[in-house]
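# Examining the three-dimensional arrangement
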Amino acid sequence: VLSGTGEWGSLAVSPDGGTLAATTVYEDTTIFVFNLDDADDFRAIHLYNPTTQEGLTADVTRFADALTWDLSGQYLVYDAFNSVPLAGDNAVGFWNISVLNVETESISPLISGLPDNVHLANPTLARTNDNFVVFDFFDVDAEVNEIWVFDLFTGDAGFIVDTGPNFAFPNFSSDDGFLAFEFTEFDALNVQKIPL
């Protein structure tokens, strides 16, 4: 037991079992990284949105949610809720997916330049091949919830399945042969799988 406080949100253990990434239940703009072999070795990594200008970042990230490690344990893919203040008390909120280099604490967007009211969330890397990440794609204006896959090597993205009114939280099977996801049908929440 590392903590019994109830403050922790999402958790992800690196493939080698030596590192734990965690978020809290608060809007603290932080991912915590723990060395499981040394209880005194941990870091709090501040999250930000990179910009196109070198050395300039935007502090609009409010909190991270889903976490997934690459096979090397060097990169962490995560989604985060962001909020950009506007005039008055208004704000524009959006979900996006980023890649964190845990060693250097540098952050890159998975896909940049999203249109208004388009959100990407709940990423999961493939279990046997770091090239592929699946995620929820939500378009508010079109009222579309879908699962998409992104090839990190080629930069290609593609539609997999429409998931209805809810986020699906997609996840690869251990051999990447299937994709499991949540699906609401007849007012009941189910777990479905499709072959890849």
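Scoring rules and cut-offs
Residues numbered from 1 in each chain as written. Predicted model: local features only at pLDDT ≥ 70, side-chain atom pairs only at ≥ 80, totals over all residues. Heavy atoms only, no water. Helix = DSSP H or I, 4+ residues; strand = E, 2+ residues; numbered from the N terminus. Rg over C-alpha atoms; globule rule 2.2 N^0.38 Å. Buried < 20%, exposed > 50% of the residue type's maximum accessible area, 1.4 Å probe, protein only. Contact = heavy atoms within 4.5 Å. Areas by Shrake-Rupley, 256 points an atom, 1.4 Å probe, with all protein chains shown as cover. Core = buried A, V, L, I, M, F, W, Y, C linked by side-chain atoms within 4.5 Å. Pairing = 2+ DSSP bridges. Axes fitted to C-alpha atoms, helices over the stretch in contact; angles between N-to-C directions. pLDDT = per-residue confidence, 0-100.

Take the overall build of the chain next. The helix and strand inventory of the chain stands at 0 helices and 17 strands. Against the globule reference of 16 Å for 196 residues, the chain gives a C-alpha radius of gyration of 17 Å, in line with a compact fold. Its C-alpha atoms give the chain principal-axis dimensions of roughly 50 × 50 × 35 Å. Every one of the 196 residues in the chain was classed for burial, and the buried ones make up 38%. Intrachain contacts of the chain at a sequence separation of at least 6 include 34% that bridge at least 24 residues. Counting every atom, the chain has about 10,800 Å² of accessible surface; 52% of that belongs to carbon and sulfur.

Okay, the nonpolar core next. Counting 16 residues, the largest nonpolar core has Ile31, Leu67, Leu76, Tyr78, Leu100 and Val102 as the members making the most contacts within it. Elements with a minimum of two residues in this core: β3 (30-35), β7 (61-69) and β8 (75-85). In contact with Ile31, other than residues within four places in its own chain, are Ala21, Ala22, Thr23, Arg43, Ala44, Ile45, Leu47, Ala64, Leu67, Leu76, Tyr78 and Leu100. Residues Val77, Leu110, Phe135 and Phe150 belong to the second largest nonpolar core, which totals 11 residues.

Moving on, we come to the sheet that holds β8. Taken in spatial order, the 4 strands line up as β7-β8-β9-β10 in an open sheet, and their pairing is antiparallel. Every interior strand has two partners, whereas the edge strands, β7 and β10 (106-109), have only one. Within this sheet the neighbouring strands show an average axis-to-axis angle of 35 degrees, counted without direction. With 6 bridges joining them, β7 and β8 adopt antiparallel strand pairing. In the strand pairing of β8, Thr68 is matched with Val77.

Here the focus is the confidence of the model for the chain. Residues shown with low pLDDT carry predicted positions that ought not to be read at fine detail. Averaged over the chain, the pLDDT score is 89; the fraction of residues at 70 or greater is 96%. Mean pLDDT across the secondary structure elements of the chain bottoms out at strand β6 (residues 57-58), with 71, and peaks at strand β2 (residues 19-24), with 96.

With that out of the way, let us pick up the sheet that holds strand β14 (residues 157-162). Reading across the sheet, the 4 strands line up as β11-β12-β13-β14 and stay open at both edges, with antiparallel pairing between neighbours. Each edge of the open sheet is held by one strand with a lone partner, namely β11 (118-125) and β14. Strand-to-strand twist in this sheet, taken as the mean axis angle between neighbours without regard to direction, amounts to 30 degrees. In the sheet, strand β13 (residues 144-151) pairs with β14 via 5 bridges, with the strands oriented antiparallel. Residue Val149 lies in a different strand from β14, and its bridge partner there is Gly158.

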